[in-house]
Amino acid sequence: MMTTAVTESGAAALALDGVTRTYGGGAPALDGVSLAVPRGRFVAVMGPSGSGKSTLLRCAAGLERPTAGTVRIGGTDLATLKASGLTRLRRDRIGFVFQSLNLVSALNVRENVTLPLLLAGARGGRELDARALAGLDAVGLADRADDTPEHLSGGQRQRVAIARALVNEPEVVFADEPTAALDPVTAAGVLALLRRAVDERGRTVVLVTHDPVAAAWTDEAVFLERGRLVGRLDHPDEAGVREALGVRAGAGPREARGLRAGADAGEARGVRAGAGVRDARGALAGAGRFGAVAR
Ligand SMILES: Nc1ncnc2c1ncn2[C@@H]1O[C@H](COP(=O)(O)OP(=O)(O)OP(=O)(O)O)[C@@H](O)[C@H]1O
């Protein structure tokens, strides 16, 4: 059953309090959203197309300033930071797995992974390379360190993007539809990596997704509708998420259209079947190491 309770924000890795974002004179893209994500939690942000998921992510990650309300990362109120401070915070304390923040094609895989550390002022050298290689090893790609991204598959690129997002041990990792373009088994591998980052390294991950199968990897799914937070599910499973989205779809034609768009995208990449991903998840859990099953 869905609830709308807001998690206590005391020791949160990420806390949004009454966040509103309007563009021009239209209806708000985000409308008074309050949400607290404790450290070590994997949260899915879901909702129909246009419900405000990406806007929430951009505001939460300091890529965009809210029109009203407060965003805190590990207790730091982002509104207190000037542009340079915000840039530093994004660089040092946040990891991004965004389609729009692609790997740099002129750099090899290892260099792509070390990039956030170099930008943060670390000196290049063996120590940095070792760190990048450890990160690549964790995503099953240590042997591709010298390749350029164009020689990798879509799934491998997303795994490099995850290694890059984790390399500076960020307080929060924001992932925007990281599995949207992947087949179910490859998608499961990418989600397993995010899950492991939470379980084994205590990272906090906020994942925007349309996909109930992806949401089932998380600890909590929150649902947006017309910019408002309308519900949440603890330990979501695929059926529960579908039901929650179905309930919302019944709420009106706008929602139904949005959900339809999401479902079609899922069908197009075979995710709709779902069974493949669930099976893959079992296999991954059993194998214990991503590289062993999906390379
Ligand atoms: N830069 C912008 N300028 C004007 N309107 C915007 C801008 N960004 C988002 N919006 C509007 O805000 C609303 C929420 O958009 P948003 O991209 O956050 O939704 P979403 O849930 O991520 O959608 P989708 O699932 O389709 O990616 C939409 O009505 C959108 O048109």
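Residues numbered from 1 in each chain as written. Predicted model: local features only at pLDDT ≥ 70, side-chain atom pairs only at ≥ 80, totals over all residues.

**Considering the overall build of the chain**
- Within the chain, the secondary structure is distributed over eleven helices and ten strands.
- Taking all 295 residues of the chain together, 46% fall into the buried category.
- In the chain, of all internal contacts separated by at least 6 residues, the share reaching a separation of at least 24 is 69%. (Helix = DSSP H or I, 4+ residues; strand = E, 2+ residues; numbered from the N terminus. Buried ≥ 20, exposed ≤ 12 C-beta atoms within 10 Å, placed from the backbone. Contact = placed C-beta atoms within 7 Å.)

**So, the nonpolar core**
- Val 45, Ala 60, Ile 162, Phe 174, Leu 194, Val 206 and Leu 207 are the most contacted members of the largest nonpolar core, which has 74 residues in total.
- Sorting elements by how many residues they give to this core places helix H6 (residues 184–201) first, with nine residues.
- Sequence-distant contacts of Val 45, that is, excluding residues within four places in its chain, are made with Lys 53, Leu 56, Leu 57, Val 206, Leu 207, Val 208, Val 222 and Leu 224. (Core = buried A, V, L, I, M, F, W, Y, C linked by C-beta atoms within 7 Å.)

**So, unusual backbone geometry**
- Residue Glu 169 is not a glycine yet carries a positive backbone phi of 45 degrees.
- The residue Glu 169 is located in the loop between helix H5 (154–166) and strand S7 (172–176) in this model.
- Located in the positive-phi region is Arg 226, a residue other than glycine, with phi close to 50 degrees.
- Looking at the element boundaries, Arg 226 is found in the loop between strand S9 (220–225) and strand S10 (228–234).
- Overall, Arg 226 belongs to the buried group, with 20 C-beta atoms counted inside 10 Å.

**Examining the sheet that holds strand S4 (residues 68–73)**
- Ordered by their spatial adjacency, four strands build an open sheet running S2-S1-S4-S5, and the pairing between neighbours is antiparallel. Pairing within the sheet leaves two strands with one partner each, and these edge strands are strand S2 (30–38) and strand S5 (76–77).
- Bridge count for strand S1 (residues 12–21) against S2 is six bridges, and the pairing is antiparallel. Pairing of Leu 16 across the sheet is with Leu 35, part of S2.
- Lying over the sheet, helix H1 (residues 53–60) contacts S1, S2 and S4, oriented at roughly 120 degrees with respect to S1. (Pairing = 2+ DSSP bridges. Axes fitted to C-alpha atoms, helices over the stretch in contact; angles between N-to-C directions.)

**Things to note about the environment of Ala 239**
- When you line up the elements, Ala 239 lands in helix H8 (residues 238–249).
- What makes Ala 239 exposed here is the crowd of 11 C-beta atoms within 10 Å.
- With 42 residues separating them along the chain, Ala 239 and Ala 197 place their C-alpha atoms 25 Å apart.

**Looking at the site of the ligand**
- The ligand sits among Tyr 23, Ala 29, Gly 47, Ser 49, Gly 50, Ser 51, Gly 52, Lys 53, Ser 54 and Thr 55.
- Taken together, the residues of the shell around the ligand break down into two nonpolar, seven polar and one charged. (Near = placed C-beta within 6 Å. Nonpolar A, V, L, I, M, F, W, Y, C, P; charged D, E, K, R; others polar.)

**Details of the pairing of S4**
- In this sheet, S4 lies alongside S1 in antiparallel orientation, the contact comprising five bridges. Paired with Ala 15 across the strands is Arg 72, a residue of S4.
- Pairing between S4 and S5: two bridges, direction antiparallel. Across the sheet, Ile 73 pairs through a bridge with Thr 76, a residue of S5.

**Regarding H6**
- Here H6 is 18 residues long and its end C-alpha atoms lie 25 Å apart, about the 26 Å a rise of 1.5 Å per residue gives.
- Buried residues of H6: Pro 184, Thr 186, Ala 187, Ala 188, Gly 189, Val 190, Leu 191, Ala 192, Leu 193, Leu 194, Ala 197 and Val 198, and no others. (Expected span 1.5 Å × (residues − 1).)

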